[in-house]
Amino acid sequence: MSRSPARVHVRAERDAFVVVVSGDFDTDERDLLDAAWDEADERALPTTAVELSGVTFGDSSFLDALLRARQRHRAARRRLVLIGPLHPRVLLLLTVTKVLEHFEVAESLTGGLEGGPHSGTGR
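Residues numbered from 1 in each chain as written. Predicted model: local features only at pLDDT ≥ 70, side-chain atom pairs only at ≥ 80, totals over all residues. Heavy atoms only, no water.

Digging into the overall build of the chain
So, step 1. A count of helices and strands for the chain gives four helices and five strands.
So, step 2. Starting at the N terminus and ending at the C terminus, the chain contains elements arranged as β-β-α-β-α-β-α-β-α.
So, step 3. For the chain, whose C-alpha radius of gyration is 13 Å, the value lies close to the compact-globule estimate of 14 Å for 123 residues.
So, step 4. Viewed in the frame of its principal axes, the chain has a C-alpha envelope of about 40 × 25 × 25 Å. (Helix = DSSP H or I, 4+ residues; strand = E, 2+ residues; numbered from the N terminus. Rg over C-alpha atoms; globule rule 2.2 N^0.38 Å.)

Here it is in structure tokens:
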């Protein structure tokens, strides 16, 4: 099985820091996400939106990176929202580990930035 290269791109949009994540993520790509969370902390915008619709695989280190982002954002009293739609493998990872319910999730960037419908409470 060939792997899809992991990519992380960041930008500011409205009053949010947007992290666009795509490809397959395991331990080797952990630094890409850590760098994005560091930049989110530096910019300190009220919301960080993590666009995950392009992520095709994530392992426990990917899950850990998302949980660390959640912890950092909560400590700084900033909002973190995961943007889908989520790939079935990513959804399975978040559901089986019972982590999904701890995140705010939106089906689109527009919905996430407007605080639209979400499946997790994030609280």
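Comments concerning the sheet that holds strand E1 (residues 7-13)
So, step 1. Spatially, five strands are ordered E1-E2-E3-E4-E5 in an open sheet, and the strand pairing comes out mixed. Across the chains shown, the open sheet's two edge strands, defined by having one partner strand only, are E1 and strand E5 (104-106). Averaged over neighbouring strand pairs, the angle between their axes works out to 25° when direction is ignored.
So, step 2. Its contacts with the sheet place helix H1 (residues 30-43) against E1, strand E2 (16-25) and strand E3 (47-58), and it is angled at close to 175° to E2.
So, step 3. Packing against the sheet, helix H2 (residues 60-75) makes contact with E2, E3 and strand E4 (79-83), and its axis sits at approximately 150° to E4. (Pairing = 2+ DSSP bridges. Axes fitted to C-alpha atoms, helices over the stretch in contact; angles between N-to-C directions. Contact = heavy atoms within 4.5 Å.)

Notes on the pattern of salt bridges
So, step 1. For the structure shown, the criterion picks out nine salt bridges.
So, step 2. Asp41 is the salt-bridge partner of Arg72, the closest N and O atoms lying 2.5 Å from each other. With a gap of 31 residues between them, Arg72 in helix H2 and Asp41 in helix H1 connect regions that are remote in the sequence.
So, step 3. Since its relative accessible area comes to 29%, Asp41 is described here as partly exposed.
So, step 4. Here Asp41 and Arg78 are joined by a salt bridge, their closest N and O atoms 2.6 Å apart. (Salt bridge = Lys/Arg side-chain N within 4 Å of Asp/Glu carboxyl O. Buried < 20%, exposed > 50% of the residue type's maximum accessible area, 1.4 Å probe, protein only.)

A short note on helix H3 (residues 88-96)
So, step 1. Inspection of H3 places Val90, Leu93 and Leu94 among the buried residues, and these make up the whole buried set. When H3 is viewed along its axis, its buried side chains cluster within an angular range of 90° and face the same direction. Residues of H3 that are exposed and point over 90 degrees away from its buried face: Pro88, Leu92 and Val96.
So, step 2. Check the buried side of H3 and you find it contacts E3, H2 and E4.
So, step 3. Following H3 by one or two positions, Lys98 has its phi on the positive side, about 60°. (Arc of directions from axis to C-beta.)

Points about the side chain of Ser61
So, step 1. Tracing the backbone through its elements, the reader meets Ser61 in helix H2.
So, step 2. Relative accessible area serves as the criterion here: at 7%, Ser61 is assigned to the buried category.
So, step 3. A polar contact of 2.5 Å, which involves the side chain of Ser61, links it to the side chain of Asp59. (Polar contact = N/O pair within 3.5 Å; in protein donor to acceptor, adjacent residues only side chain to side chain.)

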